[in-house]
Amino acid sequence: MEAGLEQLAEAEGTTATWLKKHHLMYTAATRHPLILSIRDGSIDLDSFKRWLGQDYLFVRAFVPFVSSVLLKACRESDNNSDMEVLLSGLASLNGEIKWFKKEASKWGVVLSSIVPQKVNQDYCRFLESLMGPDVEYTVAITALWAIEVIYQQSFAHCLEEGSRTPPELAETCQRWGNEGFGQYCQSLQKIVDRRLLRATDEELKKAEVALLRVLEHEVEFWNMSQG
Ligand SMILES: Cc1ncc(CN)c(N)n1
């Protein structure tokens, strides 16, 4: 990399550099055909319902993962405010689970009879693999940021001017596409960039791999939902 570009990368943060480097995969995850079909109004509602049921199960598995990142922050972070950012994210999952239940009953999706599909199980297993004490805080929070920002960028796209998102899906898009969630993602990104500045080469590599794995799992999750 040229010296000037290197300085730019440092000024804008490692995460931005990685998103540029992996822009094809990032676009595949944030502009998936399922998201584009919500945005243009052509969404197949069976796909939406499949996504809803599977994502409910995913979010239940996501709670212990976020808790584990919070625990790592309490033990390993060099900055007190990390804990507050993570705690706010964890707290909002309470409302999210309630929302899934309400939304499922609106669409006639019976959550108690949803069986996790293999893609979902694989993703949840990946989350579990990041929960152990051997996984560094920097690596785990990189994965958390990636998981959240993909949803934020995907659903915010469905709320942009010119989108023809069906009104009955607007609430879903608002849940992850709203300003507050965008700010939460930015707070996570700042933590990740701060941690990556002090990371060892090995940690940097592991964090970048975690980002790539999340991108792959997210694309698979959309594919599975689309059927
Ligand atoms: C698959 C998936 N990825 C991300 C999110 C956002 N927490 C979610 N609910 N589901």
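Cut-off values and rules
Residues numbered from 1 in each chain as written. Predicted model: local features only at pLDDT ≥ 70, side-chain atom pairs only at ≥ 80, totals over all residues. Heavy atoms only, no water. Helix = DSSP H or I, 4+ residues; strand = E, 2+ residues; numbered from the N terminus. Rg over C-alpha atoms; globule rule 2.2 N^0.38 Å. Buried < 20%, exposed > 50% of the residue type's maximum accessible area, 1.4 Å probe, protein only. Contact = heavy atoms within 4.5 Å. Expected span 1.5 Å × (residues − 1). Arc of directions from axis to C-beta.

J.: Can you walk me through the overall build of the chain in this structure?
T.: A count of helical and extended segments in the chain gives 11 helices and 0 strands. Each helix and strand of the chain, ordered N terminal to C terminal, gives the series α-α-α-α-α-α-α-α-α-α-α. For 227 residues, the compact-globule estimate of 2.2 N^0.38 gives 17 Å, and the C-alpha radius of gyration of the chain, at 18 Å, lies within 12% of that figure. With respect to the principal axes defined by its C-alpha atoms, the chain has extents near 50 × 35 × 30 Å. Sorting the 227 residues of the chain into buried and exposed places 51% on the buried side. Look at the contacts in the chain between residues 6 or more apart in sequence, and 87% of them connect residues 24 or more apart.

J.: Which parts of the structure should I look at to understand the environment of Glu103?
T.: For Glu103, the location among the structural elements is in helix α6 (residues 81–107). On the basis of relative accessibility, which here comes to 1%, the residue Glu103 falls in the buried class. Sequence-wise, Glu103 and Leu130 are 27 residues apart; in three dimensions their C-alpha atoms are separated by 30 Å. Filtering out sequence-adjacent residues up to four positions away, Glu103 remains in contact with Phe48, Leu52, Glu168, Glu171 and Thr172.

J.: What should I look at first to understand helix α7 (residues 118–129) in this one?
T.: Helical geometry: 3.6 residues make up each α-helical turn, so side chains three or four residues apart lie on a common side. Here α7 is 12 residues long and its end C-alpha atoms lie 16 Å apart, about the 16 Å a rise of 1.5 Å per residue gives. Buried residues of α7: Asn120, Tyr123, Cys124, Phe126 and Leu127, and no others. Down the axis of α7, the smallest arc covering the buried residues is 150 degrees, so these residues share one side. Exposed residues on α7 whose side chains face more than 90 degrees from its buried face are Lys118, Arg125 and Glu128. Among the structural elements, α5 (45–76), α8 (137–157) and α11 (201–226) are those in contact with the buried residues of α7.

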